[in-house]
Amino acid sequence: MADVVVVTGPPGSGKSAVATALADLLDPSALLEADWFFGRWRRGAVDPWLPEAAPQTVPAGRAALAATVELARSDAWVVYDGVLHRDATRDLAARAAGAGVAVHRAVLLPPVDVCLARVAARTGHGFDDPGATRDMHAAFAAEADGADDDGAADGGSADGTVLRDAGASPDDLAARVRDLLHAGALRVPGPVPTGGARP
């Protein structure tokens, strides 16, 4: 049985570091970095976080999701590292179920000031827009508002789990995601793949 684990969140949430560490904890595993697909545009490229980039980001996003499902067909854990909101994750789950692939989702959502500070401190990274960081953080926070039922640091929902701990290391967060994954807490709803979920 194949599985996809989406590690998502706004810029500066730590998703790339956590996704890399998580892929190292799962065996066999593949790491899919969604930014690679958005970065394939050369001449005429529009920054993918801008609304006018949709004619480029939509096909690039579809290509990333298709590659994710294809990698998962190899019976590996595929860790998807990228911004993937709830509706897009549900679309992935529906597409993946037809291929016998289960989808799980962990949302990293430290406070917005932590994300802004991390984005500002980046070097050699193509994204440094504080306004877009705030907007994406707000979008993930709005999704999470209905998921957190008790005010705890981690909130569960039918669309995965929200991890709000800004102080944990990427390795610690990856281990927490792995444990939640094995406990079934990250599963995204969708048609049940043939064979059921991986134990």
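It should be emphasised that the depicted structure is a prediction, and the values quoted were computed from it without experimental measurement.

1. Describing the nonpolar core
Part 1: Grouped together as the largest cluster of nonpolar side chains are 20 residues, with contacts concentrated most on Val4, Val6, Tyr80, Leu92, Val101 and Val103.
Part 2: Not counting the four nearest positions on each side in its chain, tyrosine 80 is found in contact with Val4, Val5, Val6, Val7, Leu32, Ala34, Ala64, Leu65 and Thr68.
Part 3: Counting residues in hydrophobic clusters, the runner-up holds 19 residues, among them Val5, Val79, Leu108 and Ala174.

2. Regarding the environment of glycine 160
Part 1: Looking at the secondary structure, you find glycine 160 in strand β6 (residues 160-163).
Part 2: Sequence separation of glycine 160 and alanine 185 is 25 residues, and the distance between their C-alpha atoms is 6.5 Å.

3. Quick word on the packing of aromatic side chains
Part 1: All told, the structure shown has 2 aromatic pairs when counted by the stated rule.
Part 2: Ring geometry for tryptophan 49 against phenylalanine 127: centres 4.6 Å apart, planes inclined by 85°, an arrangement best described as edge-to-face. In this pair, tryptophan 49 sits in the loop between α2 (34-38) and α3 (54-72) while phenylalanine 127 sits in the loop between α5 (112-121) and α6 (130-145), placing the two residues 78 residues apart along the sequence.

4. Considering unusual backbone geometry
Part 1: Of note, the bond from aspartate 27 into proline 28 is cis; its omega dihedral lies within 30 degrees of zero at -5°.
Part 2: With respect to the secondary-structure elements, proline 28 resides in the loop between α1 (15-25) and β2 (29-33).
Part 3: The phi dihedral of aspartate 75 is positive, around 70°, even though this residue is not glycine.
Part 4: Mapped onto the fold, aspartate 75 is located in the loop between α3 and β3 (77-81).

5. Brief notes about α5
Part 1: Among the residues making up α5, those that are buried are Cys115, Leu116 and Val119. The arc that holds every buried residue of α5, seen down its axis, measures 100°, which confines them to one face. Exposed side of α5, more than 90 degrees from the buried face: Asp113 and Ala121 are the residues found there.
Part 2: Along its buried surface, α5 packs onto α6.

6. Quick notes on the side chain of threonine 161
Part 1: Inspection of the secondary structure assignment puts threonine 161 in strand β6.
Part 2: Overall, the relative accessible area of 5% leaves threonine 161 in the buried class.
Part 3: Here the side chain of threonine 161 touches alanine 185 through a polar contact of 3.2 Å, landing on its backbone oxygen.

7. Some words on the pattern of salt bridges
Part 1: Tallying each qualifying case throughout the model produces 4 salt bridges.
Part 2: Where arginine 73 meets glutamate 70, a salt bridge forms, and the shortest distance between an N and an O atom there is 2.9 Å.
Part 3: Residue classification places glutamate 70 among the partly exposed residues on the basis of a relative accessible area of 48%.
Part 4: Here arginine 105 and glutamate 143 are joined by a salt bridge, their closest N and O atoms 3.0 Å apart. Of this pair, arginine 105 sits in strand β4 (residues 101-108) while glutamate 143 sits in helix α6; the two residues are 38 residues apart in sequence, bridging distant segments of the chain. Each of the two residues, arginine 105 as well as glutamate 143, counts as buried.

8. A short note on the environment of aspartate 171
Part 1: Within the secondary structure, aspartate 171 is located in helix α7 (residues 170-182).
Part 2: Here the alpha-carbon distance between aspartate 171 and aspartate 24, two residues 147 residues apart in the chain, equals 9.7 Å.

9. Section: the packing of α1 against α7
The geometry of a pair of packed helices is captured by two quantities: the angle between their axes and the separation between those axes.
Part 1: The contact between α1 and α7 brings their axes to 8 Å, and the two run at 55°. The orientation of α1 with respect to α7, classified from their angle, is oblique. The interaxial crossing formed by α1 with α7 has right-handed handedness. Each of Ala17, Val18, Ala21, Leu22 and Leu25 in α1 lies in contact with α7, whose residues at this interface are Pro170, Asp171, Leu173, Ala174, Ala175, Val177 and Arg178.
Part 2: In terms of residue class, the contact of α1 with α7 is made up of 10 nonpolar, no polar and 2 charged.

10. Quick look at the confidence of the model for the protein
Part 1: Mean pLDDT over the protein: 87, with 87% of residues reaching 70 or higher.
Part 2: The model gives residues 148-153 a pLDDT under 50, and that stretch makes 7 contacts with residues more than four places away or in other chains.
Part 3: Long-range and interchain partners of residues 192-199, a stretch whose pLDDT sits below 50, account for 17 contacts in this model, where long-range means more than four residues apart.

Scoring rules and cut-offs
- Residues numbered from 1 in each chain as written.
- Predicted model: local features only at pLDDT ≥ 70, side-chain atom pairs only at ≥ 80, totals over all residues.
- Heavy atoms only, no water.
- Core = buried A, V, L, I, M, F, W, Y, C linked by side-chain atoms within 4.5 Å.
- Buried < 20%, exposed > 50% of the residue type's maximum accessible area, 1.4 Å probe, protein only.
- Contact = heavy atoms within 4.5 Å.
- Helix = DSSP H or I, 4+ residues; strand = E, 2+ residues; numbered from the N terminus.
- Phe/Tyr/Trp six-rings, centres within 6.5 Å; stacked < 30°, edge-to-face > 60°.
- Arc of directions from axis to C-beta.
- Polar contact = N/O pair within 3.5 Å; in protein donor to acceptor, adjacent residues only side chain to side chain.
- Salt bridge = Lys/Arg side-chain N within 4 Å of Asp/Glu carboxyl O.
- Axes fitted to C-alpha atoms, helices over the stretch in contact; angles between N-to-C directions.
- Parallel < 35°, antiparallel > 145°, perpendicular 65-115°, else oblique.
- Left-handed = near helix turned anticlockwise from the far one by under 90°.
- Nonpolar A, V, L, I, M, F, W, Y, C, P; charged D, E, K, R; others polar.
- pLDDT = per-residue confidence, 0-100.

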